[in-house]
Amino acid sequence: MPPLLSLLIAKCAFAGPFTPKTMIGPWPERQVDQTLVLPKGWLQLAVTGDHKVATRTRDRGGVSRDMEPGVSFRYARTWLRVDQGFSRRVRLYAHAPLVRAALVRDGETAVATTALGDVRGGFVVQPWLDARVLGAVQVELKAPTGVEWPGGVTGGAGNTSSFLTGTGTTDLNVTAHGQLGLGSIGRLRGQAGYDARLPGIVGYVVEVDGMANGWLNPGDVWRVRLEGTAQVGSDVAVTAGGTARFVGWYRSGTSGPSVWRAELYDIPASYGNFFDVDGRVSFEPVPHFEVAAVAGYQLRGGYTGVFSHLGLDDYSPLPGVTVGLDLVTRW
């Protein structure tokens, strides 16, 4: 083989997303200097694990009450997150979770399911750069890729032999972001978003006296979030924030006289207002590596009796403390 051709083949073989790039933007020196998108040319890969142990439920009035003695619900997710700085103003991303939902009774696992959850992907556009005040728009699509078929429906909720790991429906989310820089000591971020949760036929809604699965129209969601980040030294940043969510009525039903029509009815006590608080401690010794500890808690929530018996924490999140670890590498 001619030497020149051998050299070209070798260069192609070693080229790709995991190799150094010539057209790459500088990485911010401190976490509080990071903007709402990645610098151009950076690829970020993260593995995030979070885990919640719930020993309480919420009644129709949203009041938290203890489960039966010795009973707890464990909900864990391991996220694979890929983000890319497509340009100086655009970030592309895809996030996929592996979900484990388990019911534990007297220290022994009674029912548990581990499977892929609902995958999310989208983009963030930040129109202007290098400013103390920044803004961005995010568009995200959630695909129904998780398990939506409960194991065992005969006999009602008490006979469930496996849990759901996905909602079975598609979401289209639009979020506006804002950021205010506070120099080298910190930053403030806020966001307001709307989740259009589209109706669909799902495996966990069964037509009464029918032979088929039924329709579910999840309630749309309005979201507001505020958070503040303080830089502690050159490598450590501490973040604290809160998120309020206003969830509309869920509706279920059957197909109507034509394929273009469904007859849906409100599910009692299915709407609700939620408020969660969370914190994050991030350690970034070099631009190519970051590790962070995260924690969260639900201060206010809605009725959990609609979907929690199916393990569907996305729709009926049980109150409890969530802890997690975030490992990030980028190049």
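Our structure's up above, just so we're on the same page.
A. Expanded view of the environment of Gly-272. Mapped onto the elements of the fold, Gly-272 is located in strand E17 (residues 272–286). When the C-alpha positions of Gly-272 and Arg-245 are compared, they lie 8.3 Å apart, and in sequence the two are 27 residues distant. Setting aside anything within four residues of it in sequence, one finds Gly-272 in contact with Arg-245, Phe-246, Val-247 and Gly-302.

B. Spotlight on the environment of Val-238. Mapped onto the secondary structure, Val-238 falls in strand E14 (residues 236–247). You can call Val-238 partly exposed: its relative accessible area is 36%. Sequence spacing of Val-238 and Val-32 is 206 residues, and the spatial spacing of their C-alpha atoms is 9.7 Å. Contacts of Val-238, omitting those with residues within four sequence positions, involve Gly-228, Thr-229, Ala-230, Val-232, Arg-280 and Val-281.

C. The arrangement of the nonpolar core in detail. The biggest cluster of nonpolar side chains holds 15 residues, and the ones touching the most others in it are Tyr-204, Leu-216, Tyr-250, Ile-267, Phe-307, Leu-312 and Tyr-315. No other element matches the three residues that strand E11 (residues 200–206) contributes to this core. When near neighbours in sequence (up to four residues on either side) are disregarded, Ile-267 contacts Leu-216, Trp-249, Tyr-250, Arg-251, Ser-252, Val-306 and Phe-307. Val-71, Phe-73, Tyr-75 and Leu-318 belong to the second largest nonpolar core, which has ten residues in total.

D. Highlighting the sheet that holds strand E16 (residues 262–266). The four strands lie next to each other as E11-E12-E15-E16, forming an open sheet whose pairing is antiparallel. Sheet topology places E11 and E16 at the edges, where each strand pairs with a single neighbour. When strand polarity is set aside, the average angle formed by the axes of neighbouring strands in this sheet is 45 degrees. Pairing geometry for strand E12 (residues 213–217) and strand E15 (residues 251–255), over three bridges, is antiparallel. Residue pairing across strands places Trp-215 opposite Gly-253, the latter belonging to E15.

E. View of a nonpolar patch on the surface. Among the surface-exposed residues, Leu-45, Val-47, Leu-80, Val-82, Val-286, Phe-289, Leu-325 and Leu-327 lie close enough to one another that they form a single nonpolar patch of about 600 Å² accessible area. Following the sequence through the fold, Phe-289 ends up in strand E18 (residues 289–300).

F. Expanded view of the packing of aromatic side chains. Summed over all chains, the structure comprises eight aromatic pairs. Look at Trp-249 and Tyr-271: their rings are 4.6 Å apart centre to centre, the planes differ by 45 degrees, and that puts the pair in the tilted class. Of this pair, Trp-249 sits in the loop between E14 and E15 while Tyr-271 sits in the loop between E16 and E17, and the two are 22 residues apart along the sequence. Residue Tyr-271 is classed as partly exposed on the basis of its relative accessible area of 44%. Between Tyr-250 and Tyr-315, the aromatic rings sit 5.2 Å apart at their centres with planes inclined by 70 degrees, giving edge-to-face as the arrangement. Within this pair, whereas Tyr-250 is found in the loop between E14 and E15, its partner Tyr-315 is found in the loop between E18 and strand E19 (321–330), the two being separated by 65 residues in sequence. Note on accessibility: Tyr-250 and Tyr-315 belong to one class, buried. Members of the aromatic cluster, joined through ring pairs, are Tyr-204, Tyr-250, Phe-307 and Tyr-315. One cation-aromatic arrangement involves Arg-245 over Phe-274; the distance from NZ or CZ to the ring centre is 4.6 Å.

Scoring rules and cut-offs
- Residues numbered from 1 in each chain as written.
- Predicted model: local features only at pLDDT ≥ 70, side-chain atom pairs only at ≥ 80, totals over all residues.
- Heavy atoms only, no water.
- Helix = DSSP H or I, 4+ residues; strand = E, 2+ residues; numbered from the N terminus.
- Contact = heavy atoms within 4.5 Å.
- Buried < 20%, exposed > 50% of the residue type's maximum accessible area, 1.4 Å probe, protein only.
- Core = buried A, V, L, I, M, F, W, Y, C linked by side-chain atoms within 4.5 Å.
- Pairing = 2+ DSSP bridges.
- Axes fitted to C-alpha atoms, helices over the stretch in contact; angles between N-to-C directions.
- Patch = residues over 30% accessible without salt bridge, like charges linked within 9 Å, V, L, I, M, F, W, Y side chains within 5 Å.
- Areas by Shrake-Rupley, 256 points an atom, 1.4 Å probe, with all protein chains shown as cover.
- Salt bridge = Lys/Arg side-chain N within 4 Å of Asp/Glu carboxyl O.
- Phe/Tyr/Trp six-rings, centres within 6.5 Å; stacked < 30°, edge-to-face > 60°.
- Lys NZ or Arg CZ within 6 Å of the ring centre and 35° of its normal.

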